[in-house]
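Here are the chains, one letter per residue:
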Amino acid sequence: MGVRGMRLLKKNIQIFCGSAVTVLELGTVLVLFTLNNAQIMTRYVDTIRCVTKMLAPQVAVFVAFLFMSYEFFFKVNDTGAGEFLQSLPGGRARQLLSGLAVMALAVGLVFLDFLGFGLAAMGREGILHSGVMARHVAAVFFLDIFLVGFFACVLGCLVAQFQRRITGYSLLFGCCMLFTPFLQQILSSLSNEKLPIINLGDLFELKYPLTLEMFEPVYGFANEPERWGRMVFWLLLALAALLVYMLWRHLLRLRWLPAAAVCAVLAGWGLLTYAQGGCVMYMGENNLRGRDEDTTFSGSSYYEYNKGFIKDEPESFAVTDYQMRLRLDNQLEAEVTMALAGTEGRSEECYRFTLYRGFTVTEVRDETGRALPFNRESDYLDIETEQPLSAVTICYRGYSGKFYSNRQAVKLPAFFPYYPMAGYRPLVLRESGMEYINTCPEGERFFDITIQGGPEALYCNLPGEDGHFYGVAEGPSLLGGLVEKKEIDGIQVVYPISQRFLYTMTYGYENTRVDAQLPMGQVRAQYDRLCEQVGQPPQRLAEKTVFYWYSSSSMTVGNETVAIFADHVLLEIWSLSPEKMAAYLLAGELQDKTTDDYPLLRSTFTVSYLSDKSIFNRSARSALKDIRQNPDTISGREETVYLYQAAERWGDQAVSRAVYEFLRDRSDQRPAAEFLKQLVEEGPA
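Right, let's walk through the structure included here. (Residues numbered from 1 in each chain as written. Predicted model: local features only at pLDDT ≥ 70, side-chain atom pairs only at ≥ 80, totals over all residues. Heavy atoms only, no water.)

## Section: the packing of helix α16 (residues 578-588) against helix α17 (residues 598-610)
Here is step 1: Contact geometry of α16 with α17 gives a least axis separation of 8 Å together with a crossing angle of 155°. When the interaxial angle is binned, α16 and α17 end up roughly antiparallel. The handedness of the crossing between α16 and α17 is right-handed. Residues K580, A583, Y584, L586 and A587 of α16 form the contact with α17, whose participating residues are R602, T606, V607 and L610.
Here is step 2: In terms of residue class, the contact of α16 with α17 is made up of six nonpolar, one polar and two charged. (Axes fitted to C-alpha atoms, helices over the stretch in contact; angles between N-to-C directions. Helix = DSSP H or I, 4+ residues; strand = E, 2+ residues; numbered from the N terminus. Parallel < 35°, antiparallel > 145°, perpendicular 65-115°, else oblique. Left-handed = near helix turned anticlockwise from the far one by under 90°. Contact = heavy atoms within 4.5 Å. Nonpolar A, V, L, I, M, F, W, Y, C, P; charged D, E, K, R; others polar.)

## Quick word on the side chain of S98
Here is step 1: As for its placement among the helices and strands, S98 is situated in helix α6 (residues 91-125).
Here is step 2: A relative accessible area of 7% means that S98 is categorised as buried.
Here is step 3: Among residues more than four places away in sequence, those in contact with S98 are L8, L9 and N12. (Buried < 20%, exposed > 50% of the residue type's maximum accessible area, 1.4 Å probe, protein only.)

## Some thoughts on the pattern of salt bridges
Here is step 1: Scanning the model with the defined rule gives 14 salt bridges in all.
Here is step 2: Across the pair D144 and R227 runs a salt bridge, and its minimum N-O distance is 2.6 Å. With D144 in helix α7 (residues 131-160) and R227 in helix α11 (residues 225-248), this pair connects stretches of sequence that are 83 residues apart. Pair check on accessibility: D144 and R227 agree, each one buried.
Here is step 3: The residue D668 makes a salt bridge to R670 at a minimum N-O spacing of 2.8 Å.
Here is step 4: By relative accessible area, R670 is classed as partly exposed at 25%. (Salt bridge = Lys/Arg side-chain N within 4 Å of Asp/Glu carboxyl O.)

## What about the packing of aromatic side chains?
Here is step 1: Counted by the stated rule, this structure contains 37 aromatic pairs.
Here is step 2: An aromatic cluster is present here, built from F62, F151, F179, F204, F233 and W234 joined pairwise through their rings.
Here is step 3: We note R165 situated over the ring of F74; from NZ or CZ to the ring centre the distance is 4.1 Å.
Here is step 4: Over the ring of F403 we find K402, and its NZ or CZ is 5.9 Å from the ring centre. (Phe/Tyr/Trp six-rings, centres within 6.5 Å; stacked < 30°, edge-to-face > 60°. Lys NZ or Arg CZ within 6 Å of the ring centre and 35° of its normal.)

## Thoughts on the sheet that holds strand β4 (residues 359-366)
Here is step 1: Strand order in this open sheet of seven strands is β4-β7-β2-β1-β10-β13-β12, and the pairing throughout is mixed. A single partner strand is all that each edge strand has here, and the edge strands are β4 and β12 (464-465). (Pairing = 2+ DSSP bridges.)

## Focus on the packing of helix α20 (residues 652-664) against helix α21 (residues 672-682)
Here is step 1: Close contact between α20 and α21 brings their axes to 12 Å; oriented N to C, the two are set at 150°. In terms of orientation, α20 and α21 fall into the roughly antiparallel class. Between α20 and α21 the crossing geometry is right-handed. Contacts between α20 and α21 involve V655, A658, V659 and F662 on the former and, on the latter, A672, F675, L676 and L679.
Here is step 2: Each residue belonging to the contact of α20 with α21 can be placed in one class, and the counts come to eight nonpolar, no polar and no charged.

## Side note on the sheet that holds strand β18 (residues 562-564)
Hydrogen bonds between backbone groups are what pair the strands of a sheet, and the pairing can be parallel or antiparallel.
Here is step 1: Within the open sheet, the five strands sit side by side as β15-β16-β17-β19-β18. Their pairing is mixed. With one partner strand each, in any of the chains shown, β15 (483-488) and β18 form the two edges of the open sheet. On average, adjacent strands in this sheet sit at an angle of 15° to one another, irrespective of strand direction.
Here is step 2: Pairing geometry for β15 and strand β16 (residues 491-496), over six bridges, is antiparallel. Following the sheet pairing, E484 is matched in β16 by Y495.
Here is step 3: Docked against the sheet, helix α15 (residues 520-534) engages β15, β16 and β17 (545-548), running at close to 115° with respect to β16.
Here is step 4: Sitting on the sheet, α16 touches β17, β18 and β19 (568-571), and the angle it makes with β18 is about 60°.

Pasting the structure below:
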């Protein structure tokens, strides 16, 4: 910046500071946000809650700087600064840039205020050492505080070019209507499947979309390419409009026309990035968005209403080798080559695979590279060929809202068909339709996985590093985002960086510092004890990697929350109690049945009966008391009542082993209530 630029900047700072309105607005904004952030720091002990609550008044940042910028630039136009500008070559352009620089400094002060409190929250939690978390928090505040505030400044500058106050304030209120949740709420109430006008409203949604009740600690704060693209579009479009208006009014020379064109082109790039969508953590006003897809919070409701799409037809061939090339950007893009065995002499001309319906198959090739015709229906893929295949390559892209995969975070469990699996395999229990099951074919196979893009911290159960993992396993699990890996009590654990959030969410600790060390040694001891009680040899946890990927939406004890493989454990539930965590591990070893009451019995038996017998007994006695007064109240409580009565009559160990054996035996399809009632009357076999 030259001498003239410094003179202009100094002049604009004098104008800004000389206006009581702008100084009062900026001072009020800084004081109010500082007090609010300080109050949040005193109330919450974890970084995630602090940052989420700090982002709540984001709309106020937009509105405050919209009016502040308007008042500042209106003051510039209304003072004698014009005469000063005329004395400088290119003075109008320099003044525009200098004025925007002053407003950027003002927004920067607020940004630094938020960032300072965010880093302070990390330091208090003891995770400031995590560069991954610190960069993520900085990026979130930069997008949702600085860029939102600076966009408001550019809009205010544009509106200030209209000299009449009544026109200016009318346009300001119009901007507030467009870019605050008011517009989205109106459009949402008017939208339906035939008239989805809310989809247009998504383009104007700048508000931070997540709440504490629906939060993924592994994923972090919503900071996807879609939101960056939308912000870049509006910011550069506003700059382009400002330049074009000033060119039209002959306030700028024509040499600024290329700058306006560049802003317009880059705005188009931002719009294209936004339009590509992809895997996002969406919790906005759009009541139609995500209706037909699983999300991390909604469960598998698609299958509840489309049970005809659930198939279970094994194939005669098997996949022995996977060569997987994955790219993680706004969604997952994959090229998977599979070596097939057992295809010799096949009379059928169709090869059947299971691949989650959220992935769009773009191409299928045989071992020679020849394109093959295919048919896609829901989670299933049929590949048509006239001769047996020894290998096949499938290219696809897409995402699952529940098991997400983008450049920010990855949560892809081995049991979920984000990679093709041989045969038609059910993803959920047939009756309940609300719980994912282990879709992996039996046995192990070789995997060679190369990953481009994705989060900075990315872990897999297979050996490897730097995005290349390979080895023999039942299936590959990928977990990346705000996570780290550590050895605790001899067990390798991958877990969220901010653990205190998990305790505050689960147990309501607000003002207490919580030791976030995972009690893996105690968990292993309790797990061994439970295995002995049910007559099951314990697995060696020291030989497995434990992946914790807590979700605030975890409501059931199913394979989507607990799954155990030969080399790793997936555990979505978080608990302070080693007994409960051990019970979840035991639950993960049980095979799924197709009886509707199976999940409830598994949960009641492992998480309630085995892990905390005293609480279970109190609950059962209370249920028995209610049933004696009103026999109709037994509905939905049969498992608890019958299990309690059986244990009282036949003893804990005998009943535990009988129930565990029933849960393991897939051939025994009796309803749980019928089995337990017979157990009470006749005792263990």
